[in-house]
Amino acid sequence: MSLLGLKTSELFTLLQIQFLPLKEKILLLHPHLKSCAKFKGTSMAKNLLIVESPAKAKTIEKYLGDQFTVKSSFGHIRDLNKGDKGVDIENDFEPSYSITPEKMKIVKELTSLVKKVDEVWLATDEDREGEAISWHLCKVLGLDENETKRIVFREITKPAIQKAIQNPRKVDLNLVNAQQARRVLDRLVGFELSEILWKKVKNKLSAGRVQSVAVKLIVEREREITGFDSQSYFKVKATFDVKNAQGNKVALIATGVNNFDQYEDALSFVKSIKNAEYAINNIEVKPAIKKPAAPFTTSTLQQEASRKLGFAVKRTMMAAQRLYEQGFITYMRTDSTNLSETAISEIGSAITDEFGANYLQTRRFSKKKDLAQEAHEAIRPTYIQRKNVSGGRDQQKLYELIWKRAIASQMANAKLEKTKVTIAISGSNQLLQAEGEVLKFDGFLKVYLESRDDENEEEGKGILPPLSVGQLLDLNHLIAEQKFTRPPARYTEAMLVKKLEELGIGRPSTYAPTISKIMEEGRGYVSKESRPGVERTYKTILLKEGLVSEENKTEITGATSNRLYPSDIGMVVSDFLSEHFEQIMNYGFTAAIEKKFDRIAKGDFNWKQMLKDFYGPFHEDIESTLENADRATGERILGKEEGSGRTILVRMSRFGPVVQIGATDELEEDEKPKYANLRPGQSLETIELEEALNLFQLPKTLGNYEDKEVIIGAGRYGPYVKYDDAFISLPKGQDPISFSMDQAIELIQEKRKSEAPFAFYEDKPITKGKGRFGPFLKWNEMFVNIPRKYDPESISVEESIELIKIKVEKEANRFIHQWPEEKISVENGRWGPFIRFKKKPISFPKVDGKKMDAETAKELSLEDVKKIIEAVSN
């Protein structure tokens, strides 16, 4: 090839090409071949960058070019071993980790990629959890944590990613140790407390360090409410007819400065002013301002999304995670209210352009905590010019909320003029007051106003008509109305997050998992419910046209929406833990533990020393409780049964809260007590004797339908209708005592309709249903769960058959041996083969330190398996 006529740059490129591998040489000279099948997947990438999320990987890959391959670890790749706590306590609390089975394939892929690249970069989230993921990747992939490049960023934008690449650091072992300390401590506490609960309360219960404290908060609030002594009082409200600036008659509403404690006093007052005159004796006008709230932290975002959007905490964090991974917002786990100087400048420009310079008021909010473990910036849009985002409705709604809050934080104060008018009543020393306000300049209110949790908060005041001192007012009517003091409100999810944050319990990354854990159906400690309330009578005294009238009215009180209620088992467990593990359940102690994690993260405290300091006293309490504590049942005696004189009590049984007639020492030999399950909404702590006796009305016969008996009852899984040997659960919240025959027939017909075949496969009917674990298909006596991605109402025949085929194949691979007549089988499990005997799983013992494998299990005879069962049982 002649080099004459080539430019210097062209010559240099040609020389470079000579030393490239063949495929790369071809692709460099002919870039259009990249799309050809032969060259697809060919990469010249010299760097592998690992993140924890596939969505994050996809966004980052757009910004890094051909020199980087971006892959996801799909979260943590390993965790503490399941057996024996996963912690060697005797060996200085050394944790024992293993790769989780579902991550084996990912680890294999990443290991292969590591061998093919020149350099590995770790780009997991910058909080402690993210740092720990990076450290575990180093350990599993054979990377040196002191040499491997670690990059962090608070937003997934091209400038942020490129800046991070230019400024790599190493894995921060202090952050890793803080995460290890939390994980190990929580494993030890959870493992040992759960074991205690199985023995002293009920089988299959669990407890956690932060979760148990969160349940205690809800239990204490419930008791505050049930023990609250509501006091009544009478509030006076007067309505006057006055003219506005246009000369039209409008209402001026004023309330009494003082309330009356007694009905007689309120009645006496109203009667005494039947012929009184009302005159304005003072008008006070004051300027006022309202300031915008700081940009969002994790906690305030969860609270405001709950108030304004009705989102649960988990729903908020899922939407925020997606927004972050797509590059729309900054990192969503943070307890800082700080904004970067670049963000403040961009927001300021946007405010000036859209609203005018008079709406701009630059603010620099300080960080909330000196030892904040999370990213050091508030949650904000990455580009303030972007008002809409792609994705689902949840993401768009949450993004709008974040955008408005960030913009409002840099806007001018709202300016108001507040007016307070005092009205005198002739012949009385009682005063009335009317309040109003005028918005002089809207400022940040043009964009956003923070919501409140306070149910008693009064609505904003309106504008008052023109008034003057000495002006006589024309009374339309006056009413003294009975009001009642209210107990504190039950927690919503967001209110609980706020309380945890106030107490210093948990951190931004732990709020959502904590709340999700305590509400898990399997634990049954807390439920989120909306309850209808009860009717209450209240008194009113009306003065109109010189006549006084008295009237009793009714209102609904105690109605709730999406509030957290503790269950009976939640209360029993909380009381037991508070009695025997006072320190663990102490709010201050739990907050102090969080501060120690913070110190470890800063490098000021040895993490294993912290575990030693904690575990010694804690384990002593465990041993003492095992030996000395009585079994906890939450037992409460209600009274005696008429006639027999036997004790009627409520307590927690193996199957839940029950009413029991007959204490153990009152029964004859081999006689059993009578039991009845509590109904939904009833509690061990509040149920009364009459309510308890009513529960023994079940089961009862409602009548006959199509010549078959219809029975209503309450069983282990709640109230039911029994018809034609089938049990049909009542809808949630339905009272079985008041359930009618018509309702039962409707339920039976609905059941028939839902169980009617909607398709056939291999000439066998396919039906649909809904059980304890969700919607399912039934075919050939086989139950097939319907995954969440399908709508049970509209699932197609083709989709149903596909799910059945998958289940059939899975079941075929499940059994290695089956001996139905002996109720024995050998099955493939997640951790290898195991024996199932009378529905109970039994692990194979290790032989020479090795686990049983499927090939060896195939060689076993029934006699071999029986011997293993006998050996393990003994």
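Residues numbered from 1 in each chain as written. Predicted model: local features only at pLDDT ≥ 70, side-chain atom pairs only at ≥ 80, totals over all residues. Heavy atoms only, no water.

Chemist: Would you explain the packing of helix α8 (residues 209–226) against helix α15 (residues 511–518) in this entry?
Modeler: When two helices pack together, their arrangement is given by the angle between their axes and by how far apart the axes lie. It is at 9 Å that the axes of α8 and α15 come closest, and there the two elements cross at 70°. For the element pair α8 / α15, the angle class is roughly perpendicular. Crossing handedness for the pair α8 and α15: right-handed. Mapping the contact onto sequence places Val210, Gln211, Ala214, Val215 and Ile218 in α8 and Thr514, Lys517 and Ile518 in α15. Looking at the contact of α8 with α15, its residues break down into five nonpolar, two polar and one charged. (Axes fitted to C-alpha atoms, helices over the stretch in contact; angles between N-to-C directions. Helix = DSSP H or I, 4+ residues; strand = E, 2+ residues; numbered from the N terminus. Parallel < 35°, antiparallel > 145°, perpendicular 65-115°, else oblique. Left-handed = near helix turned anticlockwise from the far one by under 90°. Contact = heavy atoms within 4.5 Å. Nonpolar A, V, L, I, M, F, W, Y, C, P; charged D, E, K, R; others polar.)

Chemist: Help me out: how do you make sense of the sheet that holds strand β30 (residues 782–785) in this one?
Modeler: What links the strands of a sheet is backbone hydrogen bonding, and the strands pair in either a parallel or an antiparallel sense. Taken together, the four strands give an open sheet; going across it, the order is β27-β28-β29-β30, and neighbouring strands pair in antiparallel fashion. Across the chains shown, the open sheet's two edge strands, defined by having one partner strand only, are β27 (759–761) and β30. Neighbouring strand axes in the sheet, compared pairwise and without regard to direction, differ in orientation by 40° on average. As paired strands, β27 and strand β28 (residues 764–771) are joined by three bridges and run antiparallel to one another. (Pairing = 2+ DSSP bridges.)

Chemist: Help me understand the pairing of strand β10 (residues 249–256), please; the structure alone is not making it clear to me.
Modeler: Regular strands place side chains that alternate from one sheet face to the opposite one. In this sheet, β10 lies alongside strand β9 (residues 232–243) in antiparallel orientation, the contact comprising seven bridges. From the neighbouring strand, aspartate 241 faces β10, where its bridge partner is alanine 251. Taking the residues that link successive antiparallel strands as the turn, the β9-β10 hairpin has five residues, and the phi of glycine 247 there is positive, at about 85°. Relative to strand β13 (residues 431–441), β10 runs antiparallel, the two sharing two bridges. Paired with glycine 256 across the bridge in β13 is leucine 432.

Chemist: Help me out: how do you make sense of the sheet that holds strand β19 (residues 636–640) in this one?
Modeler: Taken together, four strands build an open sheet; the order of strands is β19-β20-β21-β22 and the sheet is antiparallel. Looking at which strands have only one partner, the edges of the open sheet turn out to be β19 and β22 (674–677). Along the sheet, successive strands turn relative to each other by an average axial angle of 30°, direction set aside.

Chemist: Looking at this structure, how should I read the packing of helix α7 (residues 173–200) against helix α18 (residues 607–628)?
Modeler: Here α7 crosses α18 at 5°, and the two axes come no closer than 11 Å. Taken together, α7 and α18 sit at an angle that is classed as roughly parallel. Counted together, Asn177, Gln180, Ala181, Val184, Leu185, Leu188, Val189, Glu192, Leu193, Ile196, Lys199 and Lys200 of α7 and Trp607, Met610, Leu611, Phe614, Tyr615, Phe618, His619, Ile622, Thr625 and Leu626 of α18 form the full contact between these two elements. The class makeup of the residues in the contact of α7 with α18 is 15 nonpolar, four polar and three charged.

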